[in-house]
Amino acid sequence: MAEALRDRIERLLPRVSKPARYTGGEWNAVVKDHSKVDLKVAWTFPDAYEVGMSHLGSLIMYHQINRRADACCERAYAPWTDMEAAMRAEGIPLFTLESWTPVSEFDIIAFPLLYELTYTNLLTCLDLAGVPLFAAERTEAHPLVIAGGPCAFNCEPLAPFLDVAVLGDGEEVIHQILDAYKAWRDGGRKDRRELLRRLASITGCYVPGFYAVTYNPDGTIKEYRPTEPGVPAVVDRATVKDLDAIDFPTRPVVPNTQIVFDRAQVEVFRGCTRGCRFCHAGYISRPVRERSPELVQKLAREMVRNTGYSELSLVSLSTADYTDVQSTVGRLSDELQCQGVNVTLPSTRVDAFSVAVADAVSKVRKGSITLAPEGGSARIRRVINKTVSDRDIRDAMRAAFRSGYRAVKLYFILGLPTETDADLEAIAEKGHWALEIAEEELGRQEARKVRVTISVSVFVPKPHTPFQFEPQVTLAEARRRQQYIKRFLKDRRIEYKYHEADVSHIEALLSLGDRRVANAILRAWQMGARFDGWNEHFDYNLWLRACEEAGVDIAFYTYRKKGYGERFAWDHLSPGLSREWLIDDHRRAMAEVEVEDCRWENCDLCGVCMSYNVLPTLKPAGFVGEDELAVTDSAG
Amino acid sequence: MQLRIRLAKVGLARFLSHLDLQRTVERGLRRAGLPLAFTQGFNPHPRISYASALATGTSSEGEFLDVDLTEPVDPAEFLARANQHLPQGVRVLEARPAPGEGDSLMAQINAAAYRLTVEGADQAALEAAVAAFLAAREVVVAREGRTGTRPVDIRPQVYELAVTGPGELRALVQTGSQGNLKPEEVLAGLAQLAPGLAGAELTLTHRLMLYRRDPETGVLTEPWSL
């Protein structure tokens, strides 16, 4: 069967773009004999291969499942539109790269949800797999459809399509899910509801079908009510307390073809408590949990040896904040340089220290350095709690030019709460600062070669952040502000880039939406929406039509300021933050008051540590874990 | 020391582009822990040079590359270690010490032998077309270039052409910097000469070998002795 399917797929490949996306056969891919495993999971990434293969979380989960002797995990990706058309024409179902098996033959289909604009691709994947789109239409004969990742914290717009959503860190909860599935199946695979009931009792697992929603006359949500006995009113997230104690993949699948992040990745810590008020990731993954530097170095060495990559990236939400960043990076860099391997940090803070760290690692290539002040003026940076001063920005620019960089990229967000035209002018001003500082540091002649990129995206209010109460600026206003900034950028050395505001508008709809938005997603998909995150495919007018036909008022979800008392679609999906704290923090934002980072300063009682009995863990070099201490004590 | 390698890219690995292949080989050799020599400068990369780029979708058992090593490695050991660390479909077939200081392989290679698999072709029509092709003074096909399509006489670029089995051809054609003939163009030329080949499709292109062909005598030299 699989052989015949493989032959049929092979015949399509000469006709499609980038066929190496569909061939599999990568180094470190895990191919197991299906007759020898009990459970089969199709890890289905709802975006292109080159995006999905760059996702560290997917590599982690692939490893977690495959390390079990009783289970196998195989990969599938959303086929590009030409491949989708070819597959439909030939009647070829969505298949996995490891064994050319139709995804519908797996026990579980797992979707990572990283970005709202992949939702239509999720429907493409289910449909191509031949699995009913609606959870309610699936029977015991169909795979269980689960989804996880950051968007799971408001998966309500996908609620009718998902059997289960998984909140939080996946490494431990996946094993509970697989065990529960196995127990249900071994018990005769009887009632699908029984399986869902078992899963709903696992911390981190949300079964949307077990909740009924009612609405107020004004369209806001009245109530979410569990409809099954024993189902929690609020679903808690799964939290890994000690990263050192969980297995990390040092033999990740190495792609044969170019992907977005084509390098080895070692995660140095999880969570970020800097408290930038627009940042979804910062609130759903608290608190900071570091991996020890000794382990990071060990994992990095193994990874480089097992993959042959020429670049190693130390990843986290802000790697320059890693306690032992300097010596870890320095050591790895010195050691790996001899093997022609670059060490890189993907995200750095805006200060001279982080430039120095970036400088230390990129001894080899001085391309451009990226700084993300996010807000133009010091005032708006207080609003968003991006605690960098104008002076920090100038110092970072100076440090960058001094250490040899000739290109500086500056990232900003437009449409932030309380934003005025003065804040927009301040964005443009930062570009001119970079040029002035370049001239001071390098002289007029050399400064002519400098390139500054000002990149501006449109603010999308995200669930579970203090800005969840805020509206998005209207599309027309976002466009006006984009043009307004442009007026102040006349120097040829400054390149001005801005994201399509209409994409951000749909992103806001899908981020803030509730169950009623599912119809709009379905309708958009039926009308042909695919790869909405890709500019060449995104079609705003199609979405407008889809929303209209589905009776979804985009403005209701995106342009409305919400009261502190309003019930949100995501209130029962908890990352552990207390609502009172979010309200307090929103008030502080309006008063331009900053909060401290609880890693180094006082606890601000956001509630996560207490909710989940987890503590911030910083692990400087030489840190000895509790277990090791205990061993030392007993030996002594 | 420098080793000259003959490499195969077969099966589904034929869908790797030339850049993909380069990256895949480099990673395999790194994993094998072979003592690769790196270029100096800002962005060090291993000193590996390829004789010729191979099109996406074309399989091969005749890719040649030179690999610089910082210390001597026995060719047999190189072959064994490399093959333990290369992914499916990419194989080192032979490794020999590279002969002395000559021009680069890429500068010297000017001919390639292919096996072409044609489906939907009447065998008699195929044979007649090949005979007509060899007898023709010129065979003009449309060549797609960056600026558009233009007519090109491909006859001088085809040195040998023969039917070797049912739906199977062997062709020796010009390749390299002086001119490059695509196997698809050979089929396009054949189709012009025999109307019976109209529905024929080139389903598999397999490169057998690369050569240096003496333009005067037509004598072929394998890359090993260049």
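In what follows, the structure referred to is the one given above.
Fair warning: this is a prediction, and the values are worked out from it, not measured in the lab.

### A look at the overall build of chain B
- Each helix and strand in chain B was counted, giving five helices and 11 strands.
- For chain B, whose C-alpha radius of gyration is 19 Å, the value lies close to the compact-globule estimate of 17 Å for 226 residues.
- The C-alpha extent of chain B, read off along each of the three principal axes, is 55 × 35 × 35 Å.
- For chain B, with 226 residues in total, the buried portion stands at 51%.
- Approximately 10,500 Å² of chain B is accessible, and the part contributed by carbon and sulfur atoms is 49%.
- Here chain B carries 23 positive and 26 negative side-chain charges, and the mean point of each set is 4 Å from the other.

### With respect to the interface of chain A and chain B
- Between chain A and chain B, the contact holds 30 residues from the first and 22 residues from the second.
- Each partner contributes to the roughly 2,200 Å² buried at the junction of chain A and chain B, and carbon and sulfur atoms together form 52% of this total.
- Here chain A is connected to chain B by four salt bridges.
- One salt bridge in this structure joins D262 of chain A and R27 of chain B, with 3.0 Å as the shortest N-O distance.
- Inspection of the chain A/chain B interface yields nine residue pairs in polar contact (both at pLDDT 80 or more).
- When its residues are assigned to classes, the side of chain A that touches chain B shows 11 nonpolar, 12 polar and seven charged.

### Points about helix α5 (residues 183-193) of chain B
- The complete set of buried residues in α5 of chain B reads P183, E185, V186, L187, G189 and L190 of chain B.
- On its buried face, α5 of chain B sits against β5 (111-119), α4 (123-135), β6 (140-145), β8 (158-165), β9 (168-174) and β10 (201-213) of chain B.

### Description of the sheet that holds strand β13 (residues 311-315) of chain A
Residues and elements named next belong to chain A.
- In space, the three strands of this open sheet follow the order β10-β13-β14, with parallel pairing throughout. Each having just a single partner strand, β10 (264-267) and β14 (342-344) make up the two edges of the open sheet. Averaged over neighbouring strand pairs, the angle between their axes works out to 20° when direction is ignored.
- As paired strands, β10 and β13 are joined by four bridges and run parallel to one another. Bridge assignment links Q265 to a residue of β13, and that residue is S313.

### Topic: the nonpolar core
Residues and elements named next belong to chain A.
- Ranked by size, the top nonpolar core spans 190 residues in total, and within it F95, L312 and L314 carry the most contacts.
- With 10 residues, helix α14 (residues 421-447) is the largest single contributor of residues to this core.
- When sequence neighbours within four positions are dropped, the list of residues in contact with L312 reads A264, V266, A300, V304, L332, L336, V341, N342, V343 and T344.

### Considering the side chain of T307 of chain A
- Position of T307 of chain A relative to the elements: it lies in helix α9 (residues 293-307).
- Within the local environment of T307 of chain A, its side chain forms a polar contact with the backbone nitrogen of Y309 of chain A, the two atoms lying 3.2 Å apart.
- Excluding residues within four positions of it along the chain, T307 of chain A makes contact with N28, P252, V254 and A264 of chain A together with R27 and R31 of chain B.

### With respect to the sheet that holds strand β16 (residues 407-414) of chain A
All names here are of chain A.
- With parallel pairing, four strands are arranged side by side in an open sheet as β15-β16-β17-β18. The outermost strands of the open sheet, each flanked by one partner alone, are β15 (368-374) and β18 (494-498). This sheet shows a mean twist of 20° between the axes of neighbouring strands, independent of strand direction.
- Inspection of the sheet shows β16 paired to strand β17 (residues 451-458) by eight bridges, in the parallel sense. In the strand pairing of β17, I413 is matched with S457.
- Sheet strands touched by helix α13 (residues 390-402): β15 and β16. Its angle to β15, the strand with the most contacts, is close to 180°.
- Strands β16, β17 and β18 of the sheet are contacted by helix α15 (residues 475-487), whose axis makes an angle of about 180° with β18.

### Considerations on unusual backbone geometry
Residues and elements named next belong to chain A.
- A cis amide bond, omega -15°, links R286 with the succeeding residue P287.
- A positive phi angle, close to 65°, is found at E374, a residue other than glycine.
- By the secondary structure assignment, E374 is in strand β15.
- Residue classification places E374 among the buried residues on the basis of a relative accessible area of 14%.
- One non-glycine residue with positive phi stands out, namely E592, at about 60°.
- Here E592 lies in the loop between α20 (579-590) and α21 (608-612).

### Topic: the pattern of salt bridges
- Considering all chains together, one arrives at 82 salt bridges over all chains under this definition.
- In this structure, K182 of chain A engages D70 of chain A in a salt bridge whose closest nitrogen and oxygen atoms are separated by 2.6 Å. Taken together, the positions of K182 of chain A in helix α6 (residues 170-186) and D70 of chain A in the loop between α3 (56-66) and β2 (71-77) put the pair 112 residues apart, joining distant regions of the chain.
- Linking E160 of chain B and R170 of chain B is a salt bridge whose minimum nitrogen-to-oxygen distance equals 3.6 Å. One end of the pair, E160 of chain B, is in strand β8; the other, R170 of chain B, is in strand β9, and 10 residues separate them in sequence.
- One salt-bridge network, held together by shared partners, links D38, R68, D70, D107, D179, K182, R185 and D186 of chain A.

Rules used in this analysis
Residues numbered from 1 in each chain as written. Chains lettered and ligands numbered in written order. Predicted model: local features only at pLDDT ≥ 70, side-chain atom pairs only at ≥ 80, totals over all residues. Heavy atoms only, no water. Helix = DSSP H or I, 4+ residues; strand = E, 2+ residues; numbered from the N terminus. Rg over C-alpha atoms; globule rule 2.2 N^0.38 Å. Buried < 20%, exposed > 50% of the residue type's maximum accessible area, 1.4 Å probe, protein only. Areas by Shrake-Rupley, 256 points an atom, 1.4 Å probe, with all protein chains shown as cover. Lys, Arg positive; Asp, Glu negative; His and termini not counted. Charge placed at Lys NZ, Arg CZ, Asp CG, Glu CD. Contact = heavy atoms within 4.5 Å. Buried area = accessible area lost by both parts, 1.4 Å probe. Salt bridge = Lys/Arg side-chain N within 4 Å of Asp/Glu carboxyl O. Polar contact = N/O pair within 3.5 Å; in protein donor to acceptor, adjacent residues only side chain to side chain. Nonpolar A, V, L, I, M, F, W, Y, C, P; charged D, E, K, R; others polar. Pairing = 2+ DSSP bridges. Axes fitted to C-alpha atoms, helices over the stretch in contact; angles between N-to-C directions. Core = buried A, V, L, I, M, F, W, Y, C linked by side-chain atoms within 4.5 Å.

Treat this as a map of the structure, not an account of what it does.
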